[in-house]
Amino acid sequence: MTSLSDLNAAPEVTWCSDEHADELHTFVSSGPQQDAEVELAKLATEETVAIMGNAEWAAIKPQTDHQISGCTSPATERPIEDPAVLGWSLALDTDIMPVETPAWSFQDMVQLQPLPVEIPYHEILWRDWEDLSVQSSAPEPCLKNAPLFEFRVMSYNILAQDLVEQGPDLYLHCQPDILNWNYRLPNILQEIQHWDPDVLCLQEVQENHYWEQLEPTLRMMGFVSFYKRRTGKKTDGCAVCYKHARFQLVSVSPVEYFRPGLDILNRDNVGLVLLLQPLLIEGMEQKIPSPLCVANTHVLYNPRRGDIKLAQMALLLAEIDKVVKTVEGRYCPIILCGDLNSVPDSPLYKFIRNGHLAYHGMPAWKVSGQEDFSQQPHPRKLLTPLWPSSLGITESCQYVTLCQPKKSDRCKYSRDFLLQFRFCDAAFERPSDLVLLEGVTDAKPERPAYWPKHLAVGDDPHLEPFFPRSSGVIQHGFNLTSVYSHFLPQRGHPEVTTMPMGLGATVDYIFYSAEPTENRNKGGRRLYRDGALKLLGRLSLLSEDVLWLANGLPNPFCSSDHLCLLASFGLEISSL
């Protein structure tokens, strides 16, 4: 059974060529809180290795200039030996020699012997790098040679171990060995190190694993990490990590979606919003890039409660709105990552991408598009307003305190203030269209002797913010589009980011700021082009039929039930 961890025992592949990476492996394998001991053999890099019934592995040269070069198909690219990176590419032109599969020993556990390899996972799950910089439309002449701050962003749901143990029926297709955290952790870390992102957004990060293993290991890899555990009794959460050599933290805002007493916000999901300042290299002191907002979240799974998903997303967008406004009143570039538990072109997806959604009367199950409950009697429907005014969020997904105008012609006043008018002159005038009922509508209130005829109206100290009448439409002011197209034209199949119960679906996304084109909408779909933030490339996704060949997710090669998403961006650098 081939795993990424097995590759460490290959003579041709070395984890890293410097002491830094050696310390990283030593920490992961033999830290003070370890549950397992994994022996990584130090073998010569000139030798070759073969896996039983499988092709040989060779190493890929890492990208060190923060600009990912094209990772072409293994059949067309000549393998490059580099001991600094794990073997993720194939050398198909050499002889295959069977070797003995290594055994994995775990502390206080029986020895787990990987099964003989029957599936060439590394061949099936090959993912190409798509260079989009050459496909983008021609830039404006004045910006043609504008320098770019290039960086990579990864979003990855790494599957919390507690969730594996709580839902074993979801992983009956997996060998028990590959579900062990001691097996999965090295695979996940090696995948992160191989792709070398500058910003890393993780979901389903178990709290004890984060503090004991992930955070210290990522710190050794050059990351500064922030974590937010889910509220209540949940043991996992979200993390956002960034390379301290590339970014400086401006602010961090954890977001809790749980609100006591509100049925529409009674779940324990969370999010994180960071504002980062890119750090330029020496010699560019007179240049300044815009700050970058990075948001990460894991939205509720329940397919029947789309109302909760929309409310959670509104809270996250309100927090982003508070963070990203510049002094000039404009928005800085935004990157929104996460597991949104919604499929492409669902109402929730369209709300994020198109900026508005008419929700009134919509069945709640339809919001995410995960499952079809149209045959269910009496489905829950979304009503206006979607959330109460006490939440303090407008239907434009902004905090009331930030969008409240200084002066308003219409205001909602406190009860005590309005009671001052119960004996005013207008109260003694009978409306002409009022039906006359003896003893009911013919009576007039009696003004007390102490009540002044002309009431001096002052300012109400308990003035409450005014909420305009709900329109049944929610909206936001960000222009966001997806890194991925959600379809593989060369295969004629949809892209897949996860495969629960053997059914492939896309629920993980990286959205980023773009500029709407002059022809803003096409069939209700907003059209975009690159703005200050440019999409330079992305790691291709796979289709459901390909994942079926690898026995779904997780498998010995991919240790999560989600695929990682990876994109390369360029941020325009302006002169001071």
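Reading the values: rules and limits
Residues numbered from 1 in each chain as written. Predicted model: local features only at pLDDT ≥ 70, side-chain atom pairs only at ≥ 80, totals over all residues. Heavy atoms only, no water. UniProt positions renumbered as here; feature names shortened; annotations may be inferred. Helix = DSSP H or I, 4+ residues; strand = E, 2+ residues; numbered from the N terminus. Buried < 20%, exposed > 50% of the residue type's maximum accessible area, 1.4 Å probe, protein only. Contact = heavy atoms within 4.5 Å. Areas by Shrake-Rupley, 256 points an atom, 1.4 Å probe, with all protein chains shown as cover. Salt bridge = Lys/Arg side-chain N within 4 Å of Asp/Glu carboxyl O. Pairing = 2+ DSSP bridges. Axes fitted to C-alpha atoms, helices over the stretch in contact; angles between N-to-C directions. Patch = residues over 30% accessible without salt bridge, like charges linked within 9 Å, V, L, I, M, F, W, Y side chains within 5 Å. Expected span 1.5 Å × (residues − 1). Polar contact = N/O pair within 3.5 Å; in protein donor to acceptor, adjacent residues only side chain to side chain. Parallel < 35°, antiparallel > 145°, perpendicular 65-115°, else oblique. Left-handed = near helix turned anticlockwise from the far one by under 90°. Core = buried A, V, L, I, M, F, W, Y, C linked by side-chain atoms within 4.5 Å. Phe/Tyr/Trp six-rings, centres within 6.5 Å; stacked < 30°, edge-to-face > 60°. Lys NZ or Arg CZ within 6 Å of the ring centre and 35° of its normal.

- An unreviewed UniProt entry lists the chain under the name Protein angel homolog 1, with Alligator sinensis as the source organism.
- Here the chain is described in UniProt, under the heading Sequence similarities (unreviewed entry), as follows: "Belongs to the CCR4/nocturin family."

### Focus on the overall build of the chain
Here's step 1: Within the chain, the regular secondary structure consists of 10 helices and 22 strands.
Here's step 2: The proportion of buried residues among the 576 residues of the chain is 51%.
Here's step 3: Put simply, 75% of the contacts in the chain that link residues at least 6 apart link residues at least 24 apart.
Here's step 4: Carbon together with sulfur atoms contributes 53% to the accessible area of the chain, which is approximately 28,400 Å² in total.

### Quick notes on the pattern of salt bridges
Here's step 1: Under the defined criterion, the tally for this structure stands at 15 salt bridges.
Here's step 2: Arg538 is paired through a salt bridge with Glu130; the nearest N and O atoms lie 2.7 Å apart. Here Arg538 is found in strand E21 (residues 533-539), whereas its partner Glu130 is found in strand E3 (residues 129-131), with 408 residues between them in sequence.
Here's step 3: Between Asp263 and Arg305 there is a salt bridge, with its nearest N and O atoms 3.2 Å apart. With Asp263 in the loop between strand E8 (247-256) and strand E9 (270-278) and Arg305 in the loop between strand E11 (292-298) and helix H6 (306-324), the pair connects residues that are 42 residues apart, well separated along the chain.
Here's step 4: One network of salt bridges, in which partners are shared, links Asp263, Arg305, Asp307 and Arg380.

### Some thoughts on the pairing of E21
Here's step 1: By the criterion of burial, E21 is predominantly enclosed, with seven of the seven residues buried.
Here's step 2: Bridging between E3 and E21 involves three bridges; their strand directions are antiparallel. The partner of Asp131 across the bridge, within E21, is Gly537.

### Quick look at the sheet that holds strand E15 (residues 480-482)
Here's step 1: With mixed pairing, six strands are arranged side by side in an open sheet as E8-E9-E11-E12-E18-E15. Both edges of this open sheet fall to E8 and E15, since each of them pairs with a single strand only. Taking each pair of neighbouring strands and ignoring which way they run, the sheet shows an average axis angle of 20 degrees.
Here's step 2: Where E15 and strand E18 (residues 508-513) come together, three bridges link them in antiparallel fashion. Bridged to Thr481 within E18 is Tyr512.
Here's step 3: Lying on the sheet, H6 is in contact with E8, E9, E11 and strand E12 (334-339); it crosses E8 at an angle near 150 degrees.
Here's step 4: Relative to the sheet, helix H7 (residues 347-354) contacts E12, E15 and E18, its axis offset from that of E15 by approximately 125 degrees.

### Quick look at a nonpolar patch on the surface
Here's step 1: On the surface, Val435, Leu437 and Val440 cluster together to form a nonpolar patch covering roughly 290 Å² of accessible area.
Here's step 2: For Val435, the position within the fold is in the loop between helix H9 (415-418) and strand E14 (473-475).
Here's step 3: You can call Val435 exposed: its relative accessible area is 58%.

### Topic: helix H4 (residues 181-195)
Here's step 1: In this model, H4 (15 residues) spans 21 Å end to end at C-alpha, consistent with the 21 Å of a helix rising 1.5 Å per residue.
Here's step 2: Where H4 begins, one side-chain oxygen reaches toward the backbone nitrogen of Asn182, 2.7 Å away; that side chain belongs to Asn180.
Here's step 3: Just past H4, the residue Asp196 takes up positive phi, approximately 50 degrees.

### Some points on the side chain of Lys534
Here's step 1: Its place among the elements puts Lys534 in strand E21.
Here's step 2: In this structure the side chain of Lys534 is engaged in a polar contact, spanning 3.1 Å, whose partner is the side chain of Glu572.
Here's step 3: Residues within four places of Lys534 in sequence aside, it is in contact with Leu148, Ser568, Phe569, Gly570 and Glu572.

### A short note on the pairing of strand E6 (residues 223-229)
Here's step 1: As paired elements, E6 and strand E7 (residues 236-243) share seven bridges and run antiparallel to each other. Residue Tyr227 lies in a different strand from E7, and its bridge partner there is Ala239.
Here's step 2: In this antiparallel pair of consecutive strands, E6 and E7, the connection spans six residues, and Gly232 shows a positive phi of 70 degrees.

### Some words on the side chain of Gln161
Here's step 1: Structurally, Gln161 can be placed in helix H3 (residues 161-166).
Here's step 2: The contact partners of Gln161, leaving out residues within four places of it in the chain, are Leu179, Asn180, Trp181, Arg184, Gln206 and His209.

### Brief notes about the packing of H6 against H7
Here's step 1: In the contact formed by H6 and H7, the axes pass within 11 Å of each other and the chain directions differ by 20 degrees. Of the possible angle classes, the one that applies to H6 and H7 is roughly parallel. Viewed along their axes, H6 and H7 form a crossing whose handedness is right-handed. Contact with H6, carried on its side by Lys309, Leu310, Met313 and Leu317, involves Leu348, Phe351 and Ile352 of H7 and no other residues of that element.

### So, the nonpolar core
Here's step 1: If you look at the biggest cluster of nonpolar residues, it comprises 67 residues, and the most contacted ones within it are Leu125, Phe151, Ile335 and Phe569.
Here's step 2: Setting aside chain neighbours within four positions, we find Leu125 in contact with Leu542, Leu547, Ala550, Asn555, Phe557 and Cys558.
Here's step 3: In terms of nonpolar packing, the next biggest core, distinct from the first, is built from 46 residues, Ala295, Ile334, Leu340 and Ile352 among them.

### Some remarks on the packing of aromatic side chains
By convention here, two paired aromatic rings are described through the distance between centres and the angle between planes.
Here's step 1: All chains considered together, the criterion is met by 13 aromatic pairs.
Here's step 2: Arranged with centres 4.7 Å apart and planes meeting at 80 degrees, the rings of Tyr210 and Trp211 form a pair that is edge-to-face.
Here's step 3: Between Lys243 and the ring centre of Phe223, over which it is positioned, the NZ or CZ distance is 5.1 Å.

### Let's talk about unusual backbone geometry
Here's step 1: The amide bond that connects Thr384 to the next residue, Pro385, takes the cis arrangement and shows omega of -5 degrees.
Here's step 2: Considering the arrangement of structural elements, one finds Pro385 in the loop between strand E13 (356-358) and helix H8 (400-403).
Here's step 3: Of note, the amide linkage connecting Leu553 to Pro554 takes the cis form, showing an omega dihedral of -5 degrees.
Here's step 4: Considering the arrangement of structural elements, one finds Pro554 in the loop between helix H10 (544-549) and strand E22 (565-575).
Here's step 5: Of note, the phi angle at Asp196 is positive, near 50 degrees, even though the residue is not glycine.
Here's step 6: Residue placement: Asp196 occurs in the loop between H4 and strand E5 (199-206).
Here's step 7: Of note in this structure, Cys397 is not a glycine but carries a positive phi near 55 degrees.
Here's step 8: Position of Cys397 relative to the elements: it lies in the loop between E13 and H8.

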